Amino acid sequence: MAPVLPAELYTAAQVRELDRLAIEQQGIPSLTLMERAGADALDALTARYPGAGNLVVFCGGGNNAGDGYVLARLARQAGLEVRLIALVEPGRLKGDAAASAQKYLQSGNVETALAIEGEDIIVDALLGSGLNRPVEGSFAEAIELINAASAPVFALDIPSGLHADAGTRLGSAVRADATITFIGLKRGMFTAEGPEFCGEILLSDLGTPAGTHAVIDPEARLIRHEEVMLNLQVRPRDAHKGRYGHVLVIGGDYGYQGAAILAGCAAARAGAGLVTVATRPEHARTIPLFRPELMTVAVSEARDLDALLDKVSVVAIGPGLGQSDWAISLFAAVLQTRLPLVVDADALNLLAHEHQYRENWVLTPHPGEAARMLGMTAAEIQSDRFAAVASLHAEFGGTVVLKGAGSLITGPAGPIRLNSTGNPGMAGGGMGDVLTGTVAGLVAQGMEPHAAAVSGVYLHGHAADQCAREGERGMLAADLLPVIRSLVNPA
């Protein structure tokens, strides 16, 4: 089992192809792979729950069930008490699953009644990663029973009922405390509802040679801490503010100046040399009272931006912008420039009304904004986040960050990037403004927009994870700012 998860994420179809290559090209019998899956799963289970003395294994009707039968047999041989509940009669199984069930039946029996009797661990081997339709009947009943139990749940390959590609529930899904997946990581485990239902994710490559994976390009890749740090070099001793760019934040309509302040502060904490906030005249007078390092410009109409746009390195537009005539005119003026842009919040809502395509911007929609941009519903966006982010990129160009659990980033080249940092404490106002400023601050320092988006999203979530050590509930967006400063300074 891999102690550190690899970066590569695959679709269920790609993992099936990896499985086929291991069997046909590497000469590993399919039953051997199933034996390895059951053995590795049991090793992981006993390592995670060393005091467990008895378990109940729920088995369905495919290879996922076969893995469960192997685990149950080996657990009995190791001295654990095992109950196995079969939702499909062993005699109806085929291939390796049937062979594994028969080996189990030589020393154990199966039950059909859906009941949990106080076992230490529940093992989910009901439905595998090939599921693509809603769960119904006895399988739905079993999932409901498992989720209602108090014992920890250990899922094999993927929690039953979770879509392996999209990370969404297919009617109902097992809520696991830990999941061991096989051969390759499935992309749906890391976005949408995947992280909530998978719990801790473990990987067993089943002893397949590394060359097996080399022939298939992954659908997505996790962002790695090391790659982000490579973009944050130690500054030379003769550094000055002119080297690190000038961020212009445009926003802060009446009642929303806090959003512009947060974005400006985040740009500064990310390392931008200069930050200017262009906002309503009433707000331009008061912002320096909150943060004197931020320069301000009073903007009554779009032409007030003209001289400023000739001086800055990057524009972040949207935090607190609103959708008034004032906002529309400012957004239209910014679209006339060739500056790199970071576009968020109401600027995205304005963009939804007048589609434009450009290469040098970063768009950072949450699912609701993405839905408006694509003429869909937020539920449709969440039902396939990978398809949604690809559609956004095709329609608008540049780099697109689809925010949410397991934020997705796509750009001009390479696989979709998936961010695994962050936590539910970020479900509060202002977090998106901090992200916008962070990404803009990195662009100002010379990062390409796509690299800045990847790095900024990772750092933003990583800062929130550090803040969450004091608790997720009650975390404020401003709490991230000093942590972001720490993270952008390599040790």
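Here the structure is shown first, and the text comes after it.
Everything quoted here is computed from the prediction, not taken from an experiment.

## With respect to the overall build of the protein chain
Inference 1: When helices and strands are tallied, the protein chain shows 20 helices and 18 strands.
Inference 2: A compact globule built from 491 residues should have a C-alpha radius of gyration of about 23 Å, and the protein chain, at 26 Å, falls within 12% of that.
Inference 3: Expressed along its principal axes, the backbone C-alpha trace of the protein chain runs to roughly 85 × 45 × 40 Å.
Inference 4: Residues classed as buried in the protein chain amount to 56% of the 491 residues present.

## Some details on the packing of aromatic side chains
Inference 1: Taken as a whole, this structure holds 1 aromatic pair when the rule is applied.
Inference 2: Taking the ring centre of Phe197 as reference, the NZ or CZ of Arg175 above it sits at 4.4 Å.
Inference 3: A cation over an aromatic ring shows up here: Arg235 above the ring of Tyr244, its NZ or CZ 3.6 Å from the ring centre.

## Some details on the nonpolar core
Inference 1: Ranked by internal contacts, the top residues of the largest apolar core, which has 66 residues, are Leu55, Val57, Phe58, Tyr69, Leu126, Phe154 and Leu156.
Inference 2: Counting 58 residues, the second-largest nonpolar core is a separate cluster that includes Leu162, Leu185, Val315 and Leu335.

## Some points on the packing of helix H19 (residues 449–467) against helix H20 (residues 480–487)
Angle between the axes and distance between the axes: these two values describe a pair of packed helices.
Inference 1: Running from amino to carboxyl end, H19 crosses H20 at an angle of 115 degrees, the nearest separation of the two axes being 9 Å. Crossing angle aside, the handedness with which H19 passes H20 is right-handed. From H19, Leu459, His460, His462, Ala463, Ala464, Gln466 and Cys467 reach across to H20, where they touch Leu480, Val483, Ile484 and Leu487.
Inference 2: In the contact of H19 with H20, the residues fall into 8 nonpolar, 3 polar and no charged.

## Description of the packing of helix H2 (residues 30–48) against helix H4 (residues 95–105)
Inference 1: At a closest axis distance of 10 Å, the pairing of H2 and H4 adopts a crossing angle of 55 degrees. Between H2 and H4, the angle is such that the two are oblique. The interaxial crossing formed by H2 with H4 has right-handed handedness. Here H2 contributes Ser30, Leu31, Met34 and Glu35 to the contact with H4, which in turn contributes Asp96, Ala97, Ala99, Ser100 and Lys103.
Inference 2: Residue composition of the contact of H2 with H4, by class: 4 nonpolar, 2 polar and 3 charged.

## What about the side chain of Glu119?
Inference 1: Relative to the elements of secondary structure, Glu119 occurs in the loop between H4 and strand E4 (121–125).
Inference 2: For Glu119, a relative accessible area of 8% puts it in the buried group.
Inference 3: In this structure the side chain of Glu119 is engaged in a polar contact, spanning 2.7 Å, whose partner is the side chain of Arg83.
Inference 4: One polar contact links the side chain of Glu119 to the main-chain amide nitrogen of Glu117, over a distance of 2.9 Å.
Inference 5: When neighbours within four sequence positions are excluded, Glu119 is seen to be in contact with Asn54, Leu55, Val56, Arg83 and Ala151.

## A word on the pattern of salt bridges
Inference 1: Under the defined criterion, the tally for this structure stands at 19 salt bridges.
Inference 2: Measuring nitrogen to oxygen at the nearest pair gives 2.7 Å for the salt bridge that ties Arg280 to Asp253. Of this pair, Arg280 sits in the loop between strand E11 (274–279) and helix H10 (281–284) while Asp253 sits in the loop between strand E10 (246–250) and helix H9 (257–269); the two residues are 27 residues apart in sequence, bridging distant segments of the chain. In this structure, Arg280 and Asp253 share a single accessibility class: buried.
Inference 3: Between Glu301 and Arg303 there is a salt bridge; the shortest N-O distance is 2.2 Å.
Inference 4: We classify Glu301 as partly exposed; its relative accessible area is 34%.
Inference 5: Given a relative accessible area of 63%, Arg303 falls into the exposed group.
Inference 6: Here the salt bridges do not stand alone but share partners, grouping Arg83, Glu111, Glu117 and Glu119 into one network.

## Remarks on the sheet that holds strand E9 (residues 220–222)
Inference 1: In space, the 12 strands of this open sheet follow the order E7-E1-E9-E18-E17-E16-E15-E14-E13-E10-E11-E12, with mixed pairing throughout. Of all strands in the sheet, those bounded by a partner on one side alone are strand E7 (185–186) and strand E12 (295–298).
Inference 2: In this structure, strand E1 (residues 8–10) lies alongside E7, joined through 2 bridges in parallel fashion. The partner of Tyr10 across the bridge, within E7, is Lys186.
Inference 3: Along the sheet, helix H1 (residues 12–24) makes contact with E1 and E7, crossing E1 at roughly 100 degrees.
Inference 4: Each of strand E13 (314–317), strand E14 (341–343) and strand E15 (361–363) is contacted by helix H14 (residues 346–353), which is oriented at about 100 degrees to E15, the strand it contacts most.

## Quick notes on the sheet that holds strand E5 (residues 153–156)
Inference 1: Within the open sheet, the 6 strands sit side by side as E3-E2-E4-E5-E6-E8. Their pairing is parallel. The sheet terminates laterally at strand E3 (81–86) and strand E8 (200–204), the two strands that pair on one side only. Ignoring strand direction, the axes of neighbouring strands in this sheet form an average angle of 20 degrees.

## Focus: H19
Inference 1: With 19 residues, H19 ought to run about 27 Å at 1.5 Å a step, and its terminal C-alpha atoms sit 26 Å apart, in line with that.
Inference 2: With 16 of 19 residues buried, H19 lies mostly within the body of the structure.

## Thoughts on the environment of Ala478
Inference 1: Mapped onto the fold, Ala478 is located in the loop between H19 and H20.
Inference 2: Note: C-alpha distance between Ala478 and Met431 (47 residues apart in sequence) is 8.2 Å.

## Let's talk about the environment of His366
Inference 1: By secondary structure assignment, the location of His366 is in the loop between E15 and helix H15 (367–374).
Inference 2: Given a relative accessible area of 32%, His366 falls into the partly exposed group.
Inference 3: Considering only alpha carbons, one finds His366 and Arg48, 318 residues apart in sequence, at a separation of 35 Å.
Inference 4: Apart from the residues within four sequence positions on either side, His366 is in contact with Arg372, Leu402 and Lys403.

## A closer look at H20
Inference 1: For H20, the complete set of buried residues consists of Leu480, Leu481, Val483, Ile484 and Leu487. Seen from one end, H20 has its buried residues packed into an arc of 165 degrees, which puts them on one side.
Inference 2: In this structure, the buried residues of H20 make contact with helix H8 (225–230), H9, helix H18 (431–444) and H19.

## Details of unusual backbone geometry
Peptide bonds are mostly trans, and most non-glycine residues show a negative phi.
Inference 1: Its identity is not glycine, yet Ile183 carries a phi of approximately 70 degrees, on the positive side.
Inference 2: Here Ile183 lies in the loop between strand E6 (178–182) and E7.
Inference 3: The residue Leu206 is not glycine, and still its phi comes out positive at about 60 degrees.
Inference 4: As for its placement among the helices and strands, Leu206 is situated in the loop between E8 and helix H7 (210–214).
Inference 5: On the accessibility criterion, Leu206 (5% relative accessible area) is buried.

Reading guide: rules and limits
Residues numbered from 1 in each chain as written. Predicted model: local features only at pLDDT ≥ 70, side-chain atom pairs only at ≥ 80, totals over all residues. Heavy atoms only, no water. Helix = DSSP H or I, 4+ residues; strand = E, 2+ residues; numbered from the N terminus. Rg over C-alpha atoms; globule rule 2.2 N^0.38 Å. Buried < 20%, exposed > 50% of the residue type's maximum accessible area, 1.4 Å probe, protein only. Phe/Tyr/Trp six-rings, centres within 6.5 Å; stacked < 30°, edge-to-face > 60°. Lys NZ or Arg CZ within 6 Å of the ring centre and 35° of its normal. Core = buried A, V, L, I, M, F, W, Y, C linked by side-chain atoms within 4.5 Å. Axes fitted to C-alpha atoms, helices over the stretch in contact; angles between N-to-C directions. Left-handed = near helix turned anticlockwise from the far one by under 90°. Contact = heavy atoms within 4.5 Å. Nonpolar A, V, L, I, M, F, W, Y, C, P; charged D, E, K, R; others polar. Parallel < 35°, antiparallel > 145°, perpendicular 65-115°, else oblique. Polar contact = N/O pair within 3.5 Å; in protein donor to acceptor, adjacent residues only side chain to side chain. Salt bridge = Lys/Arg side-chain N within 4 Å of Asp/Glu carboxyl O. Pairing = 2+ DSSP bridges. Expected span 1.5 Å × (residues − 1). Arc of directions from axis to C-beta.

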